[in-house]
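Analysis of the macromolecular model
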Amino acid sequence: MSYKAGIVAAITELKDRTGSSSIAIKKHMQANLPADKKWMNATFLAALKKAVADGDLVQTKNSYKLSADFKKKAAKGAKKAAPKKKAAPKKKAAPKKKSVSRLLRAQEEGRTQEEECAEEEG
């Protein structure tokens, strides 16, 4: 998970009306950090500043909230992912071809193709 995705997830899960502080976001992300990953504070702060500059987050005093535009984008993304494509209609199986060897044997024995087909069906 990228730092930006973690920041967005932390803000949505904390559900603070006035916004979440960077310290609260950091604690939430560190609690959910996989054991094999190392916390990089400089990357976290850079991602936080970049999200504000891109307009994904709104900073009020020392708190961060998701911007209205970002919420709309997220809602559109969720709506697009919901409807699944219909399965393609199954094609009819091609009729089985009669083996040439059976027809040759039938001719050798003096039977016609109609008799051979009737024998296969019956």
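For the structure itself, look to the data block above.
Here is a short report on the structure shown in this document.

Rules used throughout
- Residues numbered from 1 in each chain as written.
- Predicted model: local features only at pLDDT ≥ 70, side-chain atom pairs only at ≥ 80, totals over all residues.
- Heavy atoms only, no water.
- Helix = DSSP H or I, 4+ residues; strand = E, 2+ residues; numbered from the N terminus.
- Expected span 1.5 Å × (residues − 1).
- Contact = heavy atoms within 4.5 Å.
- Buried < 20%, exposed > 50% of the residue type's maximum accessible area, 1.4 Å probe, protein only.
- Polar contact = N/O pair within 3.5 Å; in protein donor to acceptor, adjacent residues only side chain to side chain.
- Phe/Tyr/Trp six-rings, centres within 6.5 Å; stacked < 30°, edge-to-face > 60°.
- Pairing = 2+ DSSP bridges.
- Axes fitted to C-alpha atoms, helices over the stretch in contact; angles between N-to-C directions.
- Parallel < 35°, antiparallel > 145°, perpendicular 65-115°, else oblique.
- Nonpolar A, V, L, I, M, F, W, Y, C, P; charged D, E, K, R; others polar.
- Salt bridge = Lys/Arg side-chain N within 4 Å of Asp/Glu carboxyl O.

Observations regarding helix 3 (residues 41-54)
Look at helix 3: 20 Å from first C-alpha to last across 14 residues, which is about the 20 Å you get at 1.5 Å a residue. Each element contacted by the buried residues of helix 3 is listed here: helix 1 (3-14), helix 2 (22-31), strand 2 (57-60) and strand 3 (63-66). Two residues or fewer after helix 3 comes glycine 55, characterised by a positive phi angle close to 90°.

Re the side chain of serine 67
As for its position among the elements, serine 67 is in the loop between strand 3 and helix 4 (68-81). Assessed through its relative accessible area of 5%, serine 67 is described here as buried. Within the structure, the side chain of serine 67 is placed 2.6 Å from the backbone oxygen of glycine 55, a separation counted as a polar contact. Leave out the neighbours within four places in its chain, and serine 67 touches Gly55, Asp56, Leu57 and Val58.

Brief notes about the packing of aromatic side chains
Scanning the entire structure with this criterion turns up 2 aromatic pairs. The interplanar angle of 45° and the centroid separation of 5.3 Å between the aromatic rings of tryptophan 39 and phenylalanine 44 together place this pair among those described as tilted. A connected cluster of aromatic rings, assembled from ring pairs, spans Tyr3, Trp39 and Phe44.

Here's the deal with the sheet that holds strand 2
Sheet architecture is open: 3 strands sit in the order 1-3-2, paired in antiparallel fashion. Looking at strand neighbours, the two that pair on one side only are strand 1 (20-21) and strand 2, the edges of this open sheet. In this structure, strand 1 lies alongside strand 3, joined through 2 bridges in antiparallel fashion. Paired with serine 21 across the strands is serine 63, a residue of strand 3.

Here we look at the packing of helix 1 against helix 2
In the contact formed by helix 1 and helix 2, the axes pass within 9 Å of each other and the chain directions differ by 105°. For the element pair helix 1 / helix 2, the angle class is roughly perpendicular. Across the interface between the two elements, Tyr3, Gly6, Ile7, Ala10, Ile11, Glu13 and Leu14 from helix 1 touch Ala24, Ile25, His28 and Met29 from helix 2. Here the residues of the contact of helix 1 with helix 2 are counted per class, giving 8 nonpolar, 2 polar and 1 charged.

Examining the pattern of salt bridges
Evaluation of the coordinates by the stated rule reveals 2 salt bridges. Across the pair aspartate 56 and lysine 4 runs a salt bridge, and its minimum N-O distance is 2.4 Å. Here aspartate 56, found in the loop between helix 3 and strand 2, pairs with lysine 4, found in helix 1; they are 52 residues apart in sequence, far enough to count as distant. Relative accessible area serves as the criterion here: at 8%, aspartate 56 is assigned to the buried category. Lysine 50 serves as the salt-bridge partner of aspartate 54, at 2.9 Å between the closest nitrogen and oxygen. Separated by 4 residues within a single helix, aspartate 54 and lysine 50 lie in helix 3, roughly one turn from each other. The exposure class of aspartate 54 is partly exposed, given its relative accessible area of 46%.

A closer look at helix 1
Between its first and last C-alpha, helix 1 extends 16 Å over 12 residues, near the 16 Å set by a 1.5 Å rise per residue. Along helix 1, the positions that sit buried rather than exposed are Tyr3, Gly6, Ile7, Val8, Ala10 and Ile11. A positive backbone phi angle near 50° is found at lysine 15, which sits one or two residues after helix 1.

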